[in-house]
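# Geometric and topological summary
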Amino acid sequence: MNRDKVAVMVDSGCDIAQDCIEKYGLWLLPLHIDYAEKAYLDGVDIDPQMVYDRYPKDYPKTSTPSLQEVLDKLNAIADAGYEKVIAVCISSGLSGTWNAIRLAAEQQNRVKTFVFDTKNISVASGLLGIWAAVKAAEGCAFEDICRGLQKKISDSKVMFYMDTLEYLKRGGRIGTVSSVVGKFLKLKPIISCNPEGIYYTVSLIRGSRQGKQKLLDEMLRFCAGHRVWIGIGHGAAKEESEKMQEMVQDELASGSSEVLYRKQIAATLALNTGPGLIGIAALLDP
């Protein structure tokens, strides 16, 4: 029972599958993709395939929700009877979303709001949003959930690789990964987020076949000895992601882990990674 009347809001970059948004009662705040003709809302009137179809002619920019959009969402949450909001956001080191929501939240007093910087991206952020929603449904106090999220940052991890780094470079999101690009022309990095929420290189791979196993090995090392929630993301690589899910389920002990969902990554993230991405996220001891 949600005794503190807590709502959990997530930005679309958290990459939570629609059925999970509905199951856990999450409130979704779309990010923007800005083309010359209009600003599209991520997951509302644009999807990843629309972005891929316009490559390489059109390369848009992404932007955060406006102040009014955030206020409208918070007002809708208040109108639904909630008194407190936990806003779960992708890393402030990769996006201005956390700061935009924080500034907007300060302009209203209808709901007490905690704006949480996951220091992570995509499904790794999404798993933290689901964790917060589960805790709220279990009747945990608002302050306890907020403190718990801060402690869970280091328990959340995403790792991914992609066919090319070109999109990451064009989007200005490459972080410390750039240090390996020129040195290993035939190798691709497995990428994750460091404690500051910036991309860095976990390991280097050669070829997609080796890549899936290496990616899984790195994630298994992170998960060793823990019960885990798993999420799998892909960029126009559905078959490869299905194989990845099979590998994950074969390797992780039955009963100690659960694959919550597998999905195509959000359009805003697809824009900065391009097609061919495979990623795994885990949350330890949910």
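First, a word on what this report is: a plain description of the structure on this page. Quantities reported herein were computed from a predicted structural model and do not represent experimental measurements.

Definitions and limits used
Residues numbered from 1 in each chain as written. Predicted model: local features only at pLDDT ≥ 70, side-chain atom pairs only at ≥ 80, totals over all residues. Heavy atoms only, no water. Pairing = 2+ DSSP bridges. Helix = DSSP H or I, 4+ residues; strand = E, 2+ residues; numbered from the N terminus. Axes fitted to C-alpha atoms, helices over the stretch in contact; angles between N-to-C directions. Contact = heavy atoms within 4.5 Å. Patch = residues over 30% accessible without salt bridge, like charges linked within 9 Å, V, L, I, M, F, W, Y side chains within 5 Å. Areas by Shrake-Rupley, 256 points an atom, 1.4 Å probe, with all protein chains shown as cover. Salt bridge = Lys/Arg side-chain N within 4 Å of Asp/Glu carboxyl O. Lys, Arg positive; Asp, Glu negative; His and termini not counted. Charge placed at Lys NZ, Arg CZ, Asp CG, Glu CD. Phe/Tyr/Trp six-rings, centres within 6.5 Å; stacked < 30°, edge-to-face > 60°. Buried < 20%, exposed > 50% of the residue type's maximum accessible area, 1.4 Å probe, protein only.

## Topic: the sheet that holds strand 7 (residues 112-117)
Across the sheet, which stays open at both edges, the four strands sit in the order 2-1-6-7 with parallel pairing between neighbours. This sheet does not close on itself; its edge strands, each paired only once, are strand 2 (27-29) and strand 7. Neighbour to neighbour, the strand axes of the sheet diverge by 25 degrees on average, direction disregarded. Sheet topology places strand 1 (residues 6-11) next to strand 2; three bridges connect them, and they run parallel. Counted as the bridge partner of Met-9 is Trp-27 from strand 2. On top of the sheet, helix 4 (residues 97-105) reaches strand 1, strand 2, strand 6 (84-89) and strand 7; it is set at about 165 degrees to strand 7, its chief contact. Running over the sheet, helix 6 (residues 142-152) touches strand 1, strand 6 and strand 7 and is turned about 10 degrees from strand 7.

## Some details on a negative patch on the surface
Where like charges cluster on the molecular surface, the negative patch consists of Asp-217, Glu-239, Glu-242, Glu-246, Asp-250 and Glu-251. Residue contributions to the negative patch peak at five residues, all from helix 10 (residues 238-251). Relative to the elements of secondary structure, Glu-239 occurs in helix 10.

## Topic: the packing of aromatic side chains
Two aromatic rings are characterised by how far apart their centres lie and by the angle between their planes. Per the stated rule, a full pass over the model turns up six aromatic pairs. Their ring planes at 50 degrees and their centres at 6.2 Å tell us that Tyr-52 and Tyr-55 sit as a pair that is tilted. Taking the relative accessible area as the measure of exposure, Tyr-55 reaches 14% and is therefore buried. Their ring planes at 75 degrees and their centres at 5.6 Å tell us that Phe-160 and Tyr-199 sit as a pair that is edge-to-face. One end of the pair, Phe-160, is in strand 8 (residues 156-161); the other, Tyr-199, is in strand 10 (residues 199-205), and 39 residues separate them in sequence. With relative accessibility at 5%, the residue Phe-160 sits in the buried group. Accessibility expressed as a relative area gives 6% for Tyr-199, which makes it buried.

Function cannot be read off these values alone, since they describe shape.
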